[in-house]
Amino acid sequence: MCGISGFWSFSGRSVPIERIAAMSRVQGHRGPDGDGVFCNGQVAIANQRLAIIDVEHGDQPFVSDNGEVALVQNGEIFNYVELAEELRGLGVRIDTHSDTEVLLRAYLHWGPDFVSRLNGMFAIAIWDNRDRCLRLYRDRIGVKPLFYAQTGDGFAFASEIKSILAAGIEPRIDLQALDLFLTFNYVPPPHTAFVGVRHLPPGCMAELCAREPMRIKRWWSLTARDLANRSEADWTGEFLDTFEDAVRLRLRSDVPFGAFLSGGVDSSSVVGFMARNMDRPVRTFSIGFDDPRFDESASARLAAERFGTDHISEIVEADMIDQWPNVIWHLDQPHGDVSFMPTRRVSELASRHVKVVLTGDGGDELFAGYDKYRNFFAARPEGESEEDFRAAYLTNISLFDAAEKRRLYLPEFAAQVDEAAAGDLVGHHFDESRHWDRLNQALNIDMQLLLPGNNLVKPDRMGMAVGVEARTPMLDYRMMEFAFTMPAEFKLRDGETKYLFKKAVAPMIGADLAYRKKQMFTVPIGEWFKDRLAPVARATLLGNDSLTRSLFDTGIMASYIDAHVAGTENRTREIRALMAIELWAREFLGDDRQQVHPSDAA
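Residues numbered from 1 in each chain as written. Predicted model: local features only at pLDDT ≥ 70, side-chain atom pairs only at ≥ 80, totals over all residues. Heavy atoms only, no water.

> Now, about the sheet that holds strand β7 (residues 133–138): what can you tell me, with residues and values included?
Across the sheet, which stays open at both edges, the six strands sit in the order β4-β5-β6-β7-β11-β12 with antiparallel pairing between neighbours. In this open sheet, the two edge strands, each paired with only one partner strand, are β4 (62–63) and β12 (215–218). Here six bridges tie strand β6 (residues 120–128) to β7, and the two strands are oriented antiparallel to one another. Counted as the bridge partner of A123 is R138 from β7. (Pairing = 2+ DSSP bridges. Helix = DSSP H or I, 4+ residues; strand = E, 2+ residues; numbered from the N terminus.)

This is the structure in structure tokens:
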């Protein structure tokens, strides 16, 4: 686990050491255990290391014996042991136990397509002086981030956008990305909130060679498989075997590790498989709140007792609003999801004891765990057309629909954005999955957009903020490929979400945990907007120096707050999204945040 960054100077001059140092320094929290730089004239790649595997010999970059190829990675390769054995069998020398060295040797032996052999979470950068090419790779579903941008004199990439900005990019707001944020409640890849900065899509590689335009190509596609016809017993057996092996692989670590445990079906299942594959108690971590509506600590204790874990839990104040600006700084972009704050707190708790945690992320998107799936499909009319289904699902997942945006946006803002952009983005992913049933089509939208745009950002950024690596066994590529050969009837049946998942793990975790009502891991910010945060919301959104008043109708924003305070409408999601924009602007745009230029809609 690390932060990576790099710069290729197109000016003919060597990369200034001050530039790559600044890029590394600003994301130093991602790698407090060491740093390294490879510089070869006009190209520099750097690494900030959080040491997990081969602590003594795993420093990056790794460089080929002849000095022609250099590699850095952010993440972990969970099948590195098997890959190392295979390479040694082919006569390849491997000197360390580092998974990063295995990546270098695999690239040198198998070439640029080596990435298809990897089981892991990663962002990889390789400079190959033999053909003067820089190659960037991102893992299959985007567990690890990777951003890039063309600067005035070269090309920059990094694990976090703030590192790109440190390379000399002027921070200007991308209005089209802001419009997409207000649809999805996060900025979906490949967009970012900054003009000129892009997010490499999951499962893709970018290749930049001398005197050639950059090429982006997909190296893995979730939709490149068909739904299968199998018995429930067959589905159950493969589900359990694949899930357990995914957990087993993620127990490889040379430093202390544990798991986040909420007592929900996902985290309880992960801990259950950990307990079956370890010869010592699993270390588990949870936080609880005084408010029982948001407190999961009792269920977490039940799961901990069932598996005999070494459980550490803290009851904390739900009021974490003072953390919001710092959370936004770590995120680099506006996010309307305030559960980042409690995720930060449980990560802090874990960081006192371990450097690695396993989490239950991904299960809801793979196997239809959210109530929104049940509610949406229960309301679908018979014989609904494909066009109407797609439009209805976009509305279902939208924060602001097109009509509400027209009310909210000032004319200058509205004129600079493409109203159809969100529909086009969703439509692209629907087109790729048209051979699946409609539930799996809907799940694919969340796999491609929600996970890399928001839900996977949460454990990565909040863990990295405190030096903790989060591993997600349910997003092992074998689990993903398995899940998307499974028809809808085994995911959502008779109103039961995660039908087969729950039935399969119930013998291991117990029916009480398997069928426990889903509880959101968040804080009651909607209630705070009704009383003590109402003046804060007004001052933030309607202040004379706010970005929001230069983009949005102040009367409409005031009406959201008034209706929410009066209790006539629940406008929690709208208020917190607009506040996230303003807090982000204060962190990254500074005094220039009111300056909105027509070119920013690019």
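> Pulling in residues and values, what's your account of the pattern of salt bridges?
Counting across every chain of the model gives 57 salt bridges. Among the ionic pairs, D279 bridges to R280, the shortest N-O distance being 3.6 Å. In this structure D279 comes out as exposed when scored by relative accessible area, which is 72%. With a shortest N-O distance of 2.7 Å, R352 and E314 are connected by a salt bridge. Of this pair, R352 sits in the loop between α10 (340–351) and β16 (356–358) while E314 sits in strand β15 (residues 310–316), and the two are 38 residues apart along the sequence. You can call R352 exposed: its relative accessible area is 53%. Assessed through its relative accessible area of 27%, E314 is described here as partly exposed. The network of salt bridges with shared partners includes R30, K144, E160, K162, D332, D460 and R461. (Salt bridge = Lys/Arg side-chain N within 4 Å of Asp/Glu carboxyl O. Buried < 20%, exposed > 50% of the residue type's maximum accessible area, 1.4 Å probe, protein only.)

> An account of the pairing of strand β8 (residues 147–150) is needed here, citing residue identities and associated values.
One ladder, built from three bridges, connects β8 with strand β10 (residues 197–199); its direction is antiparallel. Among the inter-strand pairings, A149 is bridged to a residue of β10, identified as V197. What sits between the antiparallel neighbours β8 and strand β9 (residues 154–158) is a turn of three residues.

> Describe in detail helix α7 (residues 265–276), supporting the description with residues and values.
Think of an α-helix as 3.6 residues a turn; residues three or four steps apart then line up on the same face. Here α7 is 12 residues long and its end C-alpha atoms lie 16 Å apart, about the 16 Å a rise of 1.5 Å per residue gives. Taking burial as the measure, the 12 residues of α7 include 10 buried ones, the bulk of the element. What α7 keeps buried is the set V265, D266, S267, S268, S269, V270, V271, G272, F273 and M274. (Expected span 1.5 Å × (residues − 1).)

> Could you give me a rundown of the sheet that holds strand β13 (residues 257–260), with the residues and numbers involved?
Ordered in space as β15-β14-β13-β16-β17, the five strands form an open sheet in which the pairing is parallel. Of all the strands in the sheet, just β15 and β17 (469–471) have a single pairing partner and so form its edges. For this sheet the average axis-to-axis angle between neighbouring strands, irrespective of direction, equals 30°. Summarising the sheet, β13 and β16 pair through three bridges and their orientation is parallel. Its bridge partner lying in β16, A259 is registered against L358. (Axes fitted to C-alpha atoms, helices over the stretch in contact; angles between N-to-C directions.)

> Which residues make up helix α26 (residues 572–588), and what values do they have?
End to end, α26 covers 24 Å across 17 residues, agreeing with the expected 24 Å (1.5 Å per residue, within 8%). When you tally the buried positions in α26, you get 14 out of 17 residues, the bulk of the element. Remark: G590 follows α26 within two positions and exhibits a positive phi of approximately 60°.

> Go over the packing of helix α16 (residues 421–432) against helix α17 (residues 438–455) with me, naming the residues and quoting the values.
At a closest axis distance of 9 Å, the pairing of α16 and α17 adopts a crossing angle of 120°. It follows that α16 is oblique to α17 by the angle criterion. Regarding α16 and α17, the two cross each other, and that crossing is right-handed. Contact residues: L425, V426, H429 and F430 in α16; Q441, A442, N444, I445, Q448 and L449 in α17. When its residues are assigned to classes, the contact of α16 with α17 shows six nonpolar, four polar and no charged. (Parallel < 35°, antiparallel > 145°, perpendicular 65-115°, else oblique. Left-handed = near helix turned anticlockwise from the far one by under 90°. Contact = heavy atoms within 4.5 Å. Nonpolar A, V, L, I, M, F, W, Y, C, P; charged D, E, K, R; others polar.)

> Report on the nonpolar core, specifying residues and quantitative values.
Core analysis: the largest hydrophobic core is formed by 108 residues, its most contacted members being F114, F184, F239 and M274. Among the nonpolar cores identified, the runner-up in size contains 79 residues, and I164, A167, L349 and L589 belong to it. (Core = buried A, V, L, I, M, F, W, Y, C linked by side-chain atoms within 4.5 Å.)

> An account of the state of the cysteines is needed here, citing residue identities and associated values.
With the rule as written, the count across this model stands at one disulfide. Across the disulfide, C133 is cross-linked to C209 (sulfur-sulfur distance 1.9 Å). Between C133 and C209, the S-S dihedral sits near 105°, and the bridge is therefore right-handed. Within this pair, whereas C133 is found in strand β7, its partner C209 is found in strand β11 (residues 204–209), the two being separated by 76 residues in sequence. Just as C133 is buried, C209 falls in that class too. Free of any disulfide, C204 has its nearest cysteine sulfur in C209, 16 Å distant. Looking at C204, the relative accessible area reads 7%, which means it is buried. (Disulfide = S-S within 2.5 Å.)

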